[in-house]
Amino acid sequence: MVALSVAFYARLSVGSRQIVEIFNILNEFMGNVFGKVPAYTTIGYWTQELGLSVYKESCSLFKDKRYALIVDESMMIGSEKLLLTLAMPAINAGSAITEKDITIVDISIAKSWNGTSIKNVLEKVADKIGHKPEYVISDNGSTVCKAVRDAGYAHHLDISHTLGMFLERVYKKEADFQELSNNVQLARFKYNMQDVAYVQPPSQRSIARFMNMSKWIDWISRMQYLYHTLQNDIKSIYAFIPQNASLVDELAETMDCITKIEKDVKIMVGRMIQSVGASNL
């Protein structure tokens, strides 16, 4: 029953209350084969313990395998910041990395992170696994770059973050881009609870905005294409879109180009790692 409970939870993405109901239905149609069904809180405890067990044993998965690490400063927990370290096979199937390829090998929390403290975490993970990673993937953050460099590991920068930095350098201080971005954000907040909210733009992230521009640029490009079909009240709200038509077209073409570059680079690097090995890159 423990194994089935955690399997239902992990594979079917259902809650503990729904798992209780599943067992009740199985008992009803299978002659009470499972007997008394545990409370949903008990099933919740089982799944939590499974998650902790998987985390504790994660490093053992790479004892005799070539592996790579992905490290990044993540969410704030109170006044402290989480540093997340993931591991994956160093030689993949020749395609872009997906969620199924990675395993959480370390979750560390501190008031702040610097190059030395991140380096210590990377070395701790390598010690747990038993040998060093083939390479480390991260964003362009100076503290992470210093940590990987000081640890002496090969370092590959995340392509999305790198291209996002290019976008930031080009557009961040441009007056027309700032005005367009502000107008999109203002329209979202001002008309959020009104009857025209069904056409509101997607939210823009305050942090790492230039790595996550594709959704709102795609939205504004579609709005420009459909502008002539909109109702007059909506046209008046989004009149700034046709007024910035050339910039909207430029941004849409730029994002299409970046998306293609990201896809091509990720697939190309995956094939290179597969064919020659990460140590020869």
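Thresholds applied
- Residue numbers run consecutively from 1 along every chain, following the written order of its sequence.
- Restriction of local features to residues with pLDDT of at least 70 applies here, the model being predicted, together with a cutoff of 80 or more for giving and counting side-chain atom pairs; totals for whole chains, interfaces and linings are based on all residues.
- Water and hydrogen atoms were dropped before computing side-chain values, which therefore reflect all heavy atoms in the structure.
- The way it works is that DSSP assigns letters per residue, a run of H or I at least four long becomes a helix, a run of E at least two long becomes a strand, and they are numbered from the N terminus.
- Taken over C-alpha atoms, the radius of gyration is set against a globule rule of 2.2 Å times the number of residues to the power 0.38.
- In this scheme, a residue with accessible area under 20% of its type's maximum is buried, one over 50% is exposed, and one in between is partly exposed, where area comes from a 1.4 Å probe on protein chains only.
- We call two residues contacting when some pair of their heavy atoms lies within 4.5 Å.
- A 1.4 Å probe and the Shrake-Rupley method give the accessible areas. Residues count as covered only by the protein chains that appear here.
- Working convention for charge: Lys and Arg count positive, Asp and Glu count negative, and His plus the chain ends are omitted.
- Positions of charges follow a simple convention, taking NZ of Lys, CZ of Arg, CG of Asp or CD of Glu.
- Surface patches are drawn from residues lacking salt bridges whose relative accessible area is over 30%; two like charges belong together within 9 Å, two nonpolar side chains (Val, Leu, Ile, Met, Phe, Trp, Tyr) within 5 Å.
- For this document, the term salt bridge refers to a Lys or Arg side-chain nitrogen within 4 Å of an Asp or Glu carboxyl oxygen.
- Buried residues of nine kinds, namely Ala, Val, Leu, Ile, Met, Phe, Trp, Tyr and Cys, make up a nonpolar core once their side-chain atoms join them within 4.5 Å.
- Here, any two strands with at least 2 DSSP bridges between them count as paired.
- Axes here mean lines fitted to C-alpha atoms, for a helix over just the part in contact, with angles spanning 0 to 180 degrees between N-to-C directions.

Asks: Break down the overall build of the protein for me, with residues and values.
Replies: Across its full length, the protein carries 11 helices and 5 strands. Against the compact-globule benchmark of 19 Å for 281 residues, the protein has a radius of gyration of 24 Å, which places it well outside the compact range. Across the 281 residues of the protein, 36% fall into the buried class. Contacts spanning at least 24 positions in sequence make up 57% of the contacts within the protein whose residues lie at least 6 apart. When the accessible surface of the protein is totalled, it reaches about 16900 Å², and 55% of it is carbon and sulfur. Of the side chains in the protein, 30 bear a positive and 30 a negative charge, and the two mean positions are spaced by 4 Å.

Asks: Go over a nonpolar patch on the surface, please, and point to the residues and values.
Replies: Together, M75, I77, I104, I107 and I109 make up a nonpolar patch on the protein surface, roughly 430 Å² of accessible area in all. Elements represented by at least two residues in the nonpolar patch include exactly β1 (67-77) and β3 (103-110). Checked against the element boundaries, M75 lands in strand β1.

Asks: An account of the nonpolar core is needed here, citing residue identities and associated values.
Replies: Counting 30 residues, the largest nonpolar core has L180, M213, W216, I220, Y238 and L251 as the members making the most contacts within it. Broken down by secondary-structure element, the contributors of at least two residues to this core are α6 (159-171), α7 (175-190), α8 (214-226), α9 (232-237), α10 (240-243) and α11 (245-276). If we skip the residues at most four places from it in the chain, Y238 touches A187, V199, Q200, P201, W219, M223 and Y227. Counting 22 residues, the second-largest nonpolar core is a separate cluster that includes I118, V121, I129 and V148.

Asks: Report on unusual backbone geometry, specifying residues and quantitative values.
Replies: With glycine set apart, most residues show a phi of negative sign, and most peptide bonds adopt trans. Positive phi values are uncommon outside glycine, yet S13 reaches one of about 55°. Checked against the element boundaries, S13 lands in the loop between α1 (2-12) and α2 (16-29). Unusually for a residue other than glycine, N32 sits at a positive phi of about 55°. On the basis of relative accessibility, which here comes to 47%, the residue N32 falls in the partly exposed class.

Asks: Would you mind going over the sheet that holds strand β2 (residues 80-89) in detail, with residue names and values included?
Replies: Strand order in this open sheet of 5 strands is β3-β2-β1-β4-β5, and the pairing throughout is mixed. Two strands lie at the open edges of the sheet, namely β3 and β5 (155-157), each paired on one side alone. The average angle at which neighbouring strand axes cross in this sheet is 25°, direction not considered. Two elements, β1 and β2, share 9 bridges in a ladder whose sense is antiparallel. Along β2, the bridge assignment pairs E73 with L83.

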